[in-house]
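# Summary of structural features
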Amino acid sequence: MPTPPKATPTVVSVSLAGYPRNYPIFIGAGLLAQLPDLLKTHVFNNTAVGKLVLVTDETVAGLYLSTIETALKSAEIKVETLIVPAGEMAKTADQLTRIYETCHAFGMTRRDAIVALGGGVVGDLAGYAAATYYRGCQFVQVPTTLLSQVDSSVGGKVAINFKDVKNAIGTFYQPQLVVADTACIETLPERERLAGLAEMIKYALIEQAAVGSTAPLNPETSFLAFYEQLGANWMTQLPTLIARCCQLKAAVVARDEQESAPANDSTGRVCLNLGHTFAHAYESALGYGVLLHGEAVAIGMMQAFWLSERLGLVEKSTSARIQRLLEAVSLFPMALPSIPNAMELVALMRKDKKVLKADSLRFILPQAPIGSLLVHDTVPVADVLAVLDQYHQAI
Ligand SMILES: NC(=O)c1ccc[n+]([C@@H]2O[C@H](COP(=O)([O-])OP(=O)(O)OC[C@H]3O[C@@H](n4cnc5c(N)ncnc54)[C@H](O)[C@@H]3O)[C@@H](O)[C@H]2O)c1
């Protein structure tokens, strides 16, 4: 059988201060087949090829593991595979220990690599193992969900959950290489896809803050205009959309790698939290796992625009424009199994980890020109309640 032509990937580079701190993100359809070559070039630097511990989850293993193992073995790369349960409950100390045990039994050294094949759960778990095994071995992200391709695989946050606290134990640890095969998104359930899309649209709504520029964006060439043009056909431009999100995240991470920018600097890593004060409150009020995180972010982004409109930070026409885009891609209105009590939501917002002063509220809000943001610590509760009511009336 003739060998299929190799996909030409888009490459986004993440540049960080210090040496050696740059890494490439390869984005394109069919890249899993190129993984052995990419590993040899970018992880093993074309010298003696080391060992890999490949961490994946049960669902992803069923879909992609045999293809990858075959490709790695035919390239004479020694691989040991560990399969963890699918979903958030795999981000535990027990699963972490299983990774360490696999690395130990396989005789891994610091020069060898842990490869995360899967969504954000596998990436966070395997990344934390890579950050800590022998005080840090090589790490490769092969994200297979939309959310992980545009967000969690880029930027170096790795963690496990502890007791009831999400990401309680973690660190910053950058990968050497990220390989995002956009063909994997075809097998992703529609609901997961839309949740990933919400996080992708967030990048269009923070574009100016993310590039750290004070000059307004060109409305014709903005990322937002691109989404509006695509509407429900957004999947046709997946590699381009993912690459733009990764460029924006890379720009933010390059400026504020460890979230140490001043608390009110809306161009720091905090800009990635647009809509998240609302989102976290809904996730918590409805019970974790009822809404996907991206679904909650879609609710939160719409509410953030309405709140900004009430506070005079954006025109009514701007929030109407965002509503039209979210409607076009089925992210508005978001059906809820039950409508949480508004005062309970506000109480949860006061406990958000971004809040600096006990019992206050902290929002990352859009302001004019579109794409720029304001960190707001003094929003009147009455305005928050009005926005919650507006959303609950609309659904
Ligand atoms: N590190 C960061 O910067 C960061 C950022 C955002 C989120 N996160 C973390 O990411 C996690 C959520 O990530 P996620 O949304 O990718 O969830 P996930 O990893 O649980 O994946 C979602 C589901 O999709 C399945 N799946 C994965 N790829 C698939 C494919 N190609 N086809 C079919 N099914 C597939 C998985 O098995 C799982 O059941 C959370 O734990 C969150 O805390 C981390």
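The model shown is predicted, which means the values in this text are computed figures rather than measured ones.

Looking now at the sheet that holds strand β9 (residues 177-181). Pairing in this open sheet of 7 strands is mixed, and the strands run β1-β2-β9-β6-β5-β3-β4 from one edge to the other. What marks the edges here is a single partner per strand, and that holds for β1 (10-14) and β4 (78-84). Averaged over all pairs of adjacent strands, the angle between their axes in this sheet comes to 20°, without regard to strand direction. In this structure, β1 lies alongside strand β2 (residues 23-28), joined through 5 bridges in antiparallel fashion. Looking across to β2, one finds that threonine 10 is bridged to isoleucine 27. Where helix α1 (residues 35-42) meets the sheet, its contacts fall on β2, β3 (51-57), β6 (138-143) and β9, and the angle it forms with β9 comes to roughly 165°. The sheet strands contacting helix α9 (residues 238-255) are β1 and β2, and the helix crosses β1 at an angle near 10°.

Bringing the packing of helix α8 (residues 223-230) against α9 into the picture now. Put simply, α8 and α9 touch, their axes get as near as 12 Å, and they point 160° apart. One finds that α8 runs roughly antiparallel with respect to α9. Relative to α9, α8 is oriented so that their crossing is left-handed. Of the residues in α9, those touching α8 at Phe223, Phe226, Tyr227 and Leu230 are Thr240, Leu241, Arg244, Cys245 and Leu248. Looking at side-chain class alone, the contact of α8 with α9 contains 7 nonpolar, 1 polar and 1 charged residues.

Taken as a whole, this structure holds 7 aromatic pairs when the rule is applied. Judged by centre distance (4.5 Å) and plane angle (45°), the ring pair of tyrosine 133 and tyrosine 134 falls under tilted. By relative accessible area, which is 8% here, tyrosine 133 ends up buried. Residues phenylalanine 332 and tyrosine 391 carry aromatic rings whose centres are separated by 5.5 Å and whose planes lie at 85° to one another, so their mutual orientation is edge-to-face. With phenylalanine 332 in the loop between α12 (316-328) and α13 (342-350) and tyrosine 391 in helix α14 (residues 381-394), this pair connects stretches of sequence that are 59 residues apart. Residue classification places tyrosine 391 among the buried positions, given a relative accessible area of 0%. An aromatic cluster of three or more residues is present, and its members are Tyr100, Tyr133 and Tyr134. Between lysine 51 and the ring centre of phenylalanine 106, over which it is positioned, the NZ or CZ distance is 5.1 Å.

Throughout the structure, instances matching the rule amount to 13 salt bridges. Taking the shortest distance from any N to any O, the salt bridge between glutamate 88 and lysine 91 comes out at 3.8 Å. Look at glutamate 88 and you get partly exposed, because its relative accessible area is 33%. Across the pair glutamate 309 and lysine 316 runs a salt bridge whose closest N-O atoms are separated by 3.9 Å. On the accessibility criterion, glutamate 309 (23% relative accessible area) is partly exposed. On the basis of relative accessibility, which here comes to 62%, the residue lysine 316 falls in the exposed class. A network of salt bridges, in which partner residues are shared, links Glu88, Lys91, Asp124 and Lys166.

Right, let's get into the site of the ligand. Near the ligand there are 27 residues, and of these Asp57, Glu88, Thr144, Thr145 and Thr187 occur at the shortest range. Residue threonine 145 places a side-chain N or O atom 2.6 Å away from an oxygen atom belonging to the ligand. One of the backbone nitrogen or oxygen atoms of lysine 157 is found 2.8 Å away from a nitrogen atom of the ligand. For the ligand, whose unbound accessible area comes to 860 Å², protein coverage reaches 86%. Looking at the shell around the ligand, the elements with two or more residues in it are α2 (58-74), α4 (120-132), α5 (146-152) and β8 (165-172). Residue composition of the shell around the ligand, by class: 9 nonpolar, 9 polar and 9 charged.

A few words now on the pairing of β3. Counting buried positions over the 7 residues of β3 gives 6, a clear majority of the element. Bridge count between β3 and β4: 7 bridges; the pairing is parallel. Across the sheet, residue lysine 51 finds its bridge partner in β4, namely lysine 78. For the handedness criterion, the β-α-β arrangement of β3, α2 and β4 is classed as right-handed.

Moving on: the domain arrangement of the chain. By domain assignment, the chain separates into domain 1 (10-186) and domain 2 (190-394). Relative placement of domain 1 and domain 2: their C-alpha centres are 28 Å apart. Of the residues lining the interface, 22 residues belong to domain 1; the matching set on domain 2 comes to 24 residues. Taken together, both faces of the contact between domain 1 and domain 2 bury some 2,100 Å²; the carbon and sulfur share is 68%. Among the residues of domain 1 in contact with domain 2, Leu146, Val150 and Phe172 are the three that bury the most area, contributing 28% of the side total. Linking domain 1 with domain 2 are 2 salt bridges. Residue lysine 157 pairs with glutamate 259 through a salt bridge whose shortest N-O separation is 2.6 Å.

We now examine the pairing of β8. The side chains of a regular strand alternate between the sheet's two faces. Sheet topology places strand β7 (residues 157-162) next to β8; 5 bridges connect them, and they run antiparallel. For alanine 159, the partnering residue across the bridge sits in β8 and is glycine 170. Two successive antiparallel strands, β7 and β8, enclose a turn made up of 2 residues, where lysine 163 displays a positive phi of approximately 50°.

Thresholds, definitions, all that
Residues numbered from 1 in each chain as written. Predicted model: local features only at pLDDT ≥ 70, side-chain atom pairs only at ≥ 80, totals over all residues. Heavy atoms only, no water. Pairing = 2+ DSSP bridges. Helix = DSSP H or I, 4+ residues; strand = E, 2+ residues; numbered from the N terminus. Axes fitted to C-alpha atoms, helices over the stretch in contact; angles between N-to-C directions. Contact = heavy atoms within 4.5 Å. Parallel < 35°, antiparallel > 145°, perpendicular 65-115°, else oblique. Left-handed = near helix turned anticlockwise from the far one by under 90°. Nonpolar A, V, L, I, M, F, W, Y, C, P; charged D, E, K, R; others polar. Phe/Tyr/Trp six-rings, centres within 6.5 Å; stacked < 30°, edge-to-face > 60°. Buried < 20%, exposed > 50% of the residue type's maximum accessible area, 1.4 Å probe, protein only. Lys NZ or Arg CZ within 6 Å of the ring centre and 35° of its normal. Salt bridge = Lys/Arg side-chain N within 4 Å of Asp/Glu carboxyl O. Near = heavy atom within 4 Å. Polar contact = N/O pair within 3.5 Å; in protein donor to acceptor, adjacent residues only side chain to side chain. Areas by Shrake-Rupley, 256 points an atom, 1.4 Å probe, with all protein chains shown as cover. Right-handed = clockwise from strand over helix to strand, strands pointing away. Domains from an automatic or database assignment. Buried area = accessible area lost by both parts, 1.4 Å probe.

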